[in-house]
Amino acid sequence: MQYLVAAVVLVGLLGLVNLLLTVGVIRRLRSQSLPPSMPVEGLSPGARVPQFAATSTSGEPISDELLSGPAMVGFFSRGCQPCKDLLPFFVERARGTSDAVLAVVVADPGEDSAADVERLAEVARVVTEAPQGPLQTAFKVNGYPTVITIDAGDTVVSSGRPMETGSWPGARTWRRCARGRSPSSRAHTRPAANS
């Protein structure tokens, strides 16, 4: 009988130790799995609009002078689900503003971005370029979608997570598509910026 009591107490103690270790491991995993804070995408608020020159899809020359007043610049990537989710809200917001609106559609050579370009061309001057193109470099964009708002003094007001008002369906779970990956393998995180 003494052996039975000792065995039950030993099994109970082992179960308690196992429970404590499991709780400790779970707490450790939770603290390590928190996503790192997202760095600001694009130019930092307070930065001046950089000099740039491009040609819109309609053949119109576009430069930093276009943005010499209140403006909104959106960067969208073909094959990026958060970009597809944001696009109608960007168009709606652009339609409701008198500010200059520039939209940059990033697509690999051979990707068909005509539908996105056509939709954006209704409300914005549209530029298409390959990943890591000159506008993305000038505005320091590393992930998509990125929306940059500029005030009348050519200064960036906000940059990064688009339209943080929460007015679009993906606002709470928004993640960015990484640049430089094929649409089928795009991760929803972005590599660290090389500054």
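The following paragraphs examine the structure supplied in this document. (Residues numbered from 1 in each chain as written. Predicted model: local features only at pLDDT ≥ 70, side-chain atom pairs only at ≥ 80, totals over all residues. Heavy atoms only, no water.)

Moving on: empty space enclosed by the protein. Taken as a whole and judged by the stated rule, the model has one cavity of 30 Å³ or more. Roughly 80 Å³ of internal volume is contained in the largest cavity. Along the walls of the largest cavity sit Phe-76, Ser-77, Arg-78, Gly-79, Cys-83, Lys-84, Leu-87, Val-105, Asp-116 and Leu-120, which together make up its complete lining. Elements with a contribution of two residues or more to the lining of the largest cavity: strand S3 (71–77), helix H2 (81–95) and helix H3 (114–121). Top contributing element to the lining of the largest cavity by residue count: H2, with three residues. A class-by-class count of the residues in the lining of the largest cavity yields five nonpolar, two polar and three charged. (1 Å grid on protein atoms, 1.4 Å probe; cavity = no way out; pocket = protein on both sides within 12 Å on 5 of 7 lines; lining within 4 Å. Points joined across faces, edges and corners; volume = space filled by probe spheres on them. Helix = DSSP H or I, 4+ residues; strand = E, 2+ residues; numbered from the N terminus. Nonpolar A, V, L, I, M, F, W, Y, C, P; charged D, E, K, R; others polar.)

Turning to the sheet that holds strand S8 (residues 156–158), a few remarks are in order. Strand order in the open sheet formed by five strands is S5-S4-S3-S7-S8, and the pairing between neighbours is mixed. Looking at strand neighbours, the two that pair on one side only are strand S5 (125–129) and S8, the edges of this open sheet. Pairs of neighbouring strands in the sheet enclose a mean axial angle of 25 degrees, with direction left out of account. Strand direction decides the pairing type here: S3 and strand S4 (residues 100–106), joined by seven bridges, are parallel. When the sheet's bridge partners are listed, Met-72 is paired in S4 with Val-101. Packing against the sheet, H3 makes contact with S3, S4 and S5, and its axis sits at approximately 160 degrees to S5. (Pairing = 2+ DSSP bridges. Axes fitted to C-alpha atoms, helices over the stretch in contact; angles between N-to-C directions. Contact = heavy atoms within 4.5 Å.)

Tallied over the full model, the rule gives three aromatic pairs. Each ring, one from Phe-75 and one from Phe-139, has its centre 5.7 Å from the other, and the planes form 55 degrees; the classification is tilted. Pair noted here: Phe-75 is in strand S3 and Phe-139 is in the loop between helix H4 (134–138) and strand S6 (143–144), with a separation of 64 residues, a long-range link. Here Phe-75 matches Phe-139 in class, with each residue buried. With 5.0 Å between their ring centres and 75 degrees between their planes, Phe-76 and Phe-90 make a pair best called edge-to-face. Of this pair, Phe-76 sits in strand S3 while Phe-90 sits in helix H2, and the two are 14 residues apart along the sequence. In this structure, Phe-76 and Phe-90 share a single accessibility class: buried. By way of ring pairs, the aromatic residues Phe-52, Phe-75 and Phe-139 are connected into one cluster. (Phe/Tyr/Trp six-rings, centres within 6.5 Å; stacked < 30°, edge-to-face > 60°. Buried < 20%, exposed > 50% of the residue type's maximum accessible area, 1.4 Å probe, protein only.)

Everything listed here is a matter of coordinates, which is why it stays silent on function.
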